[in-house]
Every structure is written in C-alpha cells, then in structure tokens.
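So the chains spell out like this:
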Amino acid sequence: IIRNSSNHLSKYGASNAALVAINPKNGDIISMVGSRDYFDIENDGNVNVALAKRQPGSSFKPIVYATGFKGNWAPGSTIWDLKTDFGNYSPNNYDGRTRGPISVRTALGNSLNIPAVKMLSLAGLNNSIKTAKDMGITTLTEPKRYGLSLVLGGGEIKLTELVGAYSVFATGGVKYSINPILELEDSEGKILEQKKNPKGKRVLKAEIAHQISSILSDNSARSAAFGSNSYLNIPGVAVKTGTTDEYRDGWTIGYNPRIAVGVWAGNNDNSQMTKGAAGVNVAGPIWNKFMRQMIKSYGQEGFKRPKSLKKISVEVLSGKLPGSENVDTRSDWYASWQIPKEKGGTVKLNICTLCDALATDACPSSKVEEKIFSDVHSEKPDDSRWENPVRGWLKAHGID
C-alpha cells in the first residue's frame with residue numbers, strides 16, 4: 001500500500017511514509033515498513049523512519065487527556081475553548097476560532113489546541129510525561145524544553161513507540177512490550193531463542209482507557225473538524241491524527257482491541273510538505289486502506305465498557321451536577337472519582353444597589369435587592385488569565 005502511494009504523497013509534497021502495525025494483545029509487530037523505497041537514495045530511503053524521532057503533532061493529545069482523567073476530568077467535563085494567555089504562550093486552534101464552553105469529548109474529538117494546552121497545564125507536564133513513559137514512550141527526556149507545547153507535539157517520538165502506547169488504550173490499560181522477533185534459528189534449524197508468552201502490565205485504569213477509546217471512536221464527536229465521512233471513519237475503530245508546524249509531519253494512529261496501526265508521512269529531511277498536508281489527508285488514506293484490509297484478517301472487536309463507568313448528567317456551563325431543572329445538561333461516562341461533588345446552577349445574593357456590591361449589615365435595607373447569578377467559572381478561577389476570558393464570554397452572552 002505504501003509503495004503504491006507515491007502519487008498520493010507527491011500531491012502533498014511528501015516523499016516518504018512509514019507504517020507500523022502491532023497486535024495489542026501481545027505486543028507483536030505484525031508489520032513494519034520503514035520507508036516507501038529502500039533504494040531511493042535521494043530521499044534517504046534506507047532510513048527506517050518507524051524508528052526515527054519525529055514530532056507527533058496532536059497525536060500526543062490522548063496521552064495528556066488520559067493523565068487528566070486520572071484526576072477529576074472526564075469526557076463530559078466542561079472545558080472553556082477561549083483565547084487564553086498561558087504566560088508568553090497563547091496558542092490558536094487550527095481554524096482560528098474559539099467555541100466557548102464545550103465538553104472534553106468535543107475538545108479531543110475535534111483536536112482543539114487551546115483546551116489541550118489547558119489540559120496539560122491542569123494535569124501537569126511531569127505527570128503527562130510519566131503517563132507516556134508508563135505506556136512505553138522512552139524519548140521524552142527534556143521536559144524544560146517542551147513546556148506546554150508538548151501536548152501539540154513539541155517532543156520527538158518514535159512511530160513504533162507511539163503505536164505501542166495506543167495499544168495500551170486498545171487493551172483497556174494493559175501494556176505489552178513491543179516485540180519484533182518470534183524466534184531465532186541457526187543454519188541447521190536449531191532454535192536459539194524463542195518468544196515466551198508475554199506478561200502484560202497494567203499501566204492505566206480500565207475506565208480511563210475506555211473513555212479515551214470512546215472519544216476516539218466517536219465519529220460524531222470529530223465531525224465538526226473532519227466531517228462525517230473522512231478517512232478516519234471506520235466503525236468500531238478509534239483513531240487520532242497529528243500534524244506538525246508548517247506541515248513537516250503527518251500522522252494517523254488508530255486501533256481496535258485486535259490491532260493498532262500507525263502511519264507517518266512526510267520528508268526525511270524535515271522539509272515542509274504543501275499547505276493542507278494535514279495528518280488526515282496525507283497519512284489518513286494509507287492508514288484507512290491498510291486498516292480495512294487488516295480488519296478482514298483479524299476481525300472486529302468492540303471496546304468493552306467497564307461496569308464501573310456510570311452515565312452522569314452535568315450542566316453545560318459549569319460542568320457540575322444539575323442544580324435546577326431549567327438548565328442545559330449533557331450526559332457522558334464518568335468513573336467514580338470523576339463524578340462532580342457539587343451542584344451548579346444559580347446562586348441568590350443580596351446586593352446593595354448603592355454600591356453595586358454584596359450587601360453588608362451597613363447597607364440600608366431599602367437598598368438591598370436579591371439577585372440571581374450563574375455560578376460559573378473557568379478551570380482556574382484564581383488565575384485572571386483563565387478567568388477573565390470566561391467572564392467576558394458570559395457577559396457577551398447576557399449571563400451575570
């Protein structure tokens with residue numbers, strides 16, 4: 001499939017592609033193609049790009065969200081997609097738009113940058129790197145260099161290890177070491193070394209792994225960004241793309257419980273592809289064709305939802321439990337430790353009309369009025385850089 005993709009790749013200014021397919025249930029590498037043409041000397045075809053360190057773009061986001069899910073974040077949680085200053089760093093979404101209060105499911109499904117940077121800030125850089133390491137990624141060794149740009153692909157990763165990390169989502173949180181060799185024989189057929197039955201290690205809670213798979217396999221959750229009939233739409237398959245700055249790398253990584261497949265496309269010398277060479281466009285068609293072929297051989301298997309996950313309704317604006325009946329809500333799957341403990345809705349406050357502030361005993365009773373306010377805040381209410389954009393949005397929408 002990769003060998004026959006030269007016309008497709010050249011349309012986007014790409015000269016090479018690599019692919020890795022892994023059996024999530026035991027870590028075996030089923031297929032590995034390091035480059036389109038080993039003998040393409042002009043484009044360093046003899047370099048195995050599947051083992052090279054490349055920036056993964058947004059394909060790293062699920063690992064950060066999984067870290068956030070270890071805390072009180074869940075697919076249904078509200079995260080504010082608003083222009084935010086993170087301290088000399090103010091990223092934009094791919095389309096330059098912001099969407100106000102959205103669910104984490106929508107944020108990850110549509111690969112929005114601002115909510116992702118917020119999630120890394122909330123989950124913690126070192127915590128996210130630890131999650132990545134637990135899932136088999138060994139190359140993220142310079143946290144000070146990455147900063148919050150890590151969630152947008154600021155740290156270099158190997159395709160083999162990224163596919164291995166996604167395999168952890170596929171197994172419901174169990175990691176198997178990547179293994180390319182089944183056995184070694186000498187010239188007389190004597191077996192010198194043979195793979196033993198692997199032992200998996202749980203590195204992620206089953207609830208978290210399923211929540212990520214639920215989002216990445218939800219075609220409706222990503223349709224606003226990718227459309228409803230993109231190369232990512234294979235029923236029962238979870239998938240994420242990645243695109244680096246100036247279109248230097250395009251990625252598509254997807255899986256079901258039986259197979260995990262990752263495709264990289266670009267140029268070995270890190271030169272730019274043409275504008276529009278996003279991961280879904282340049283790597284997506286190769287991934288889609290290969291994945292569909294492999295499903296015919298390996299079959300399809302659904303993601304088993306842990307019984308411990310409960311469907312919970314929360315307020316759209318506050319992300320808290322509904323505090324009244326007349327409020328917009330959304331429902332999604334929550335683990336026990338993620339369920340909000342507070343109710344949202346509105347609060348009634350006594351306001352002194354003379355000074356337009358909270359009333360005190362010194363205020364004349366004739367000047368005290370009871371007013372209703374929405375109890376809505378940003379993810380960091382004590383940080384004005386996060387809180388002010390939310391207050392501005394609420395005011396613009398007529399909400400006190």
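Here's a quick rundown of the structure. (Residues numbered from 1 in each chain as written. Predicted model: local features only at pLDDT ≥ 70, side-chain atom pairs only at ≥ 80, totals over all residues. Heavy atoms only, no water.)

## Observations concerning the sheet that holds strand β2 (residues 29-33)
(1) Moving on: Reading across from one edge, β2-β1-β13-β12-β11 is the order of the five strands in this open sheet, with antiparallel pairing throughout. The two strands at the open ends of the sheet, each matched to only one other strand, are β2 and β11 (238-243). Between one strand axis and the next, the sheet turns by 10 degrees as a mean value, whatever way the strands run.
(2) Moving on: In this structure, strand β1 (residues 16-22) lies alongside strand β13 (residues 259-266), joined through seven bridges in antiparallel fashion. Each residue of the ladder has a partner; that of leucine 19, found in β13, is valine 263.
(3) Moving on: Where helix α7 (residues 159-170) meets the sheet, it contacts β1, β2, β11, β12 (249-256) and β13, and its direction lies at approximately 30 degrees from that of β12.
(4) Moving on: Sheet strands touched by helix α11 (residues 284-298): β1, β2, β11, β12 and β13. Its angle to β12, the strand with the most contacts, is close to 20 degrees. (Pairing = 2+ DSSP bridges. Helix = DSSP H or I, 4+ residues; strand = E, 2+ residues; numbered from the N terminus. Axes fitted to C-alpha atoms, helices over the stretch in contact; angles between N-to-C directions. Contact = heavy atoms within 4.5 Å.)

## Focus: helix α4 (residues 113-123)
Side chains three or four residues apart in an α-helix point the same way, a direct result of the helix having 3.6 residues per turn.
(1) Moving on: The buried fraction of α4 amounts to nine of the 11 residues, a majority that puts the element mostly inside the structure.
(2) Moving on: Taken together, the buried positions of α4 are Asn113, Ile114, Pro115, Ala116, Val117, Lys118, Met119, Leu120 and Ala123.
(3) Moving on: Taken from the residues just after α4, glycine 124 is the one with a positive phi, measuring 100 degrees. (Buried < 20%, exposed > 50% of the residue type's maximum accessible area, 1.4 Å probe, protein only.)

## Overview of the environment of serine 58
(1) Moving on: With respect to the helices and strands, the residue serine 58 is situated in the loop between β3 (53-54) and α2 (61-69).
(2) Moving on: A relative accessible area of 11% places serine 58 in the buried class.
(3) Moving on: The residues touching serine 58, leaving out its near neighbours within four places in the chain, are Ser111, Asn113, Val151, Leu152, Lys240, Thr241, Gly242 and Thr243.
(4) Moving on: A polar side-chain atom of serine 58 sits 3.3 Å from a polar atom in the side chain of serine 111. (Polar contact = N/O pair within 3.5 Å; in protein donor to acceptor, adjacent residues only side chain to side chain.)

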